[in-house]
Amino acid sequence: MFYSFIRIVARLIVWIINGNAHYLNKKNLPQGNYILVGPHRAWFDMIYFALGASPKKFSFMAKKELFKNPILRFILVHANAFAVDRKNPGPSAIKIPVRWLKKRDLSLIMFPSGTRHSQKMKGGVVLIAKLAGVPIIPAVYQGPVTFKHLMARKKVTVNFGQPIYVDRKVRINDELEQKVITQLQTAFQQLDDQIDPNYVYVDPKSLKQNN
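Computed from a predicted model, the values in this text were never measured in an experiment.

Engineer: It is not clear to me how the packing of helix H4 (residues 92-103) against helix H5 (residues 124-132) should be interpreted in this structure. Could you clarify?
Structural biologist: Each pair of packed helices gets described by two things: the angle between the helix axes and the distance between those axes. Between H4 and H5, the shortest axis-to-axis distance is 9 Å and the interhelical angle comes to 40°. It follows that H4 is oblique to H5 by the angle criterion. When the axes of H4 and H5 are compared, the crossing they make is right-handed. On the side of H4, the interface is formed by Ala93, Ile94, Pro97, Val98, Leu101 and Lys102, while H5 contributes Gly124, Leu127, Ile128, Leu131 and Ala132. The class makeup of the residues in the contact of H4 with H5 is 9 nonpolar, 1 polar and 1 charged.

In structure tokens form, the structure reads like this:
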């Protein structure tokens, strides 16, 4: 109930602030659970991913520091977030999402780079997908990367790609991880090109430094 309420509130706020969102290829989203994966480009791109893939509900990882505030902790927990120590992730970073993907009607939004300031992908998503037995759905966000530009009502586009499957019978190793990561990188590029072949991501940190 809380997630559904928050989603309604988020949709209203996003519409008031920007009101210029477009979602492409929703037909690629499967009926069951999956991991929605994209390059992390803005602190609010996760919101657009979740709204675009509605009515599916999602869980997501959040850095443990956010859970120190009791009010924010309440919101995050009831919005299906779970804490992750970015410096020392530990087994729970894999066990929790795998268990939820298997036992709850919740998909997972995940950014393999872990941060907006790095586009280097890590292989955790491959292991989670294999253990949970769910597909990976590549997605890209193109649009404002700062709140200031979002409020200027610049166009936002989210494009959903076709599922990528990890064979549960194949053993996880560096070669398999790199194969899937390469598939994701190719899919991201294709999805970006479908929206705007001239698109180039600019780190929001560099935008602030130049202003």
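Picking up where we left off.
Engineer: Looking at this model, I keep getting lost on the nonpolar core. Mind explaining?
Structural biologist: Among soluble globular proteins, nonpolar side chains are generally buried collectively. Of all hydrophobic cores here, the largest spans 30 residues; its most connected members are Leu36, Tyr48, Phe49, Phe58, Ile109 and Tyr141. Ignoring any residue separated from it by four or fewer positions in sequence, one finds Ile109 in contact with Leu36, Met46, Phe49, Ala50, Phe58, Ser59, Phe60 and Met61. One finds Ile35, Ile128, Ala132 and Val140 within the second-largest nonpolar core, a separate group that totals 27 residues.

Engineer: Would you explain the pairing of strand S5 (residues 107-110) in this entry?
Structural biologist: The side chains of a regular strand alternate between the sheet's two faces. Neither face of S5 is left uncovered, since the one carrying Ser107 and Ile109 and the one carrying Leu108 and Met110 both have all their residues buried. Bridge count for strand S2 (residues 35-37) against S5 is 3 bridges, and the pairing is parallel. Paired with Leu36 across the bridge in S5 is Ile109. In this structure, strand S3 (residues 58-63) lies alongside S5, joined through 3 bridges in parallel fashion. Across the sheet, residue Phe60 finds its bridge partner in S5, namely Ile109.

Engineer: How should I be thinking about the pairing of strand S7 (residues 156-160) in this particular structure?
Structural biologist: Burial runs high along S7: 5 of the 5 residues are buried. Burial of S7 is two-sided: the residues Val156, Val158 and Phe160 facing one way and the residues Thr157 and Asn159 facing the other way are all buried. By the bridge criterion, 4 bridges tie strand S1 (residues 21-24) to S7 in an arrangement that is parallel. Residue pairing for S7: Ala21 is matched across the bridge by Val156. Judged from the 4 bridges that link them, strand S6 (residues 136-142) and S7 form a sheet pairing that is antiparallel. Note that in S7 the partner of Val140 across the bridge is Asn159.

Engineer: Looking at this model, I keep getting lost on the pattern of salt bridges. Mind explaining?
Structural biologist: When the charged atoms of two side chains with opposite charge come close together, those side chains can pair. For the structure shown, the criterion picks out 3 salt bridges. For Asp192, the salt bridge is made with Arg41, and the minimal N-O distance between the two is 2.6 Å. Of this pair, Asp192 sits in helix H7 (residues 174-195) while Arg41 sits in the loop between S2 and helix H2 (45-52); the two residues are 151 residues apart in sequence, bridging distant segments of the chain. Residue Asp192 is classed as buried on the basis of its relative accessible area, which comes to 6%. In this structure, Lys64 and Asp85 form a salt bridge, with 3.2 Å as the shortest nitrogen-oxygen distance. Placement of the pair is Lys64 in the loop between S3 and helix H3 (70-78) and Asp85 in the loop between strand S4 (81-84) and H4, with a sequence separation of 21 residues. Taking the relative accessible area as the measure of exposure, Lys64 reaches 38% and is therefore partly exposed.

Conventions adopted
- Residues numbered from 1 in each chain as written.
- Predicted model: local features only at pLDDT ≥ 70, side-chain atom pairs only at ≥ 80, totals over all residues.
- Heavy atoms only, no water.
- Axes fitted to C-alpha atoms, helices over the stretch in contact; angles between N-to-C directions.
- Helix = DSSP H or I, 4+ residues; strand = E, 2+ residues; numbered from the N terminus.
- Parallel < 35°, antiparallel > 145°, perpendicular 65-115°, else oblique.
- Left-handed = near helix turned anticlockwise from the far one by under 90°.
- Contact = heavy atoms within 4.5 Å.
- Nonpolar A, V, L, I, M, F, W, Y, C, P; charged D, E, K, R; others polar.
- Core = buried A, V, L, I, M, F, W, Y, C linked by side-chain atoms within 4.5 Å.
- Buried < 20%, exposed > 50% of the residue type's maximum accessible area, 1.4 Å probe, protein only.
- Pairing = 2+ DSSP bridges.
- Salt bridge = Lys/Arg side-chain N within 4 Å of Asp/Glu carboxyl O.

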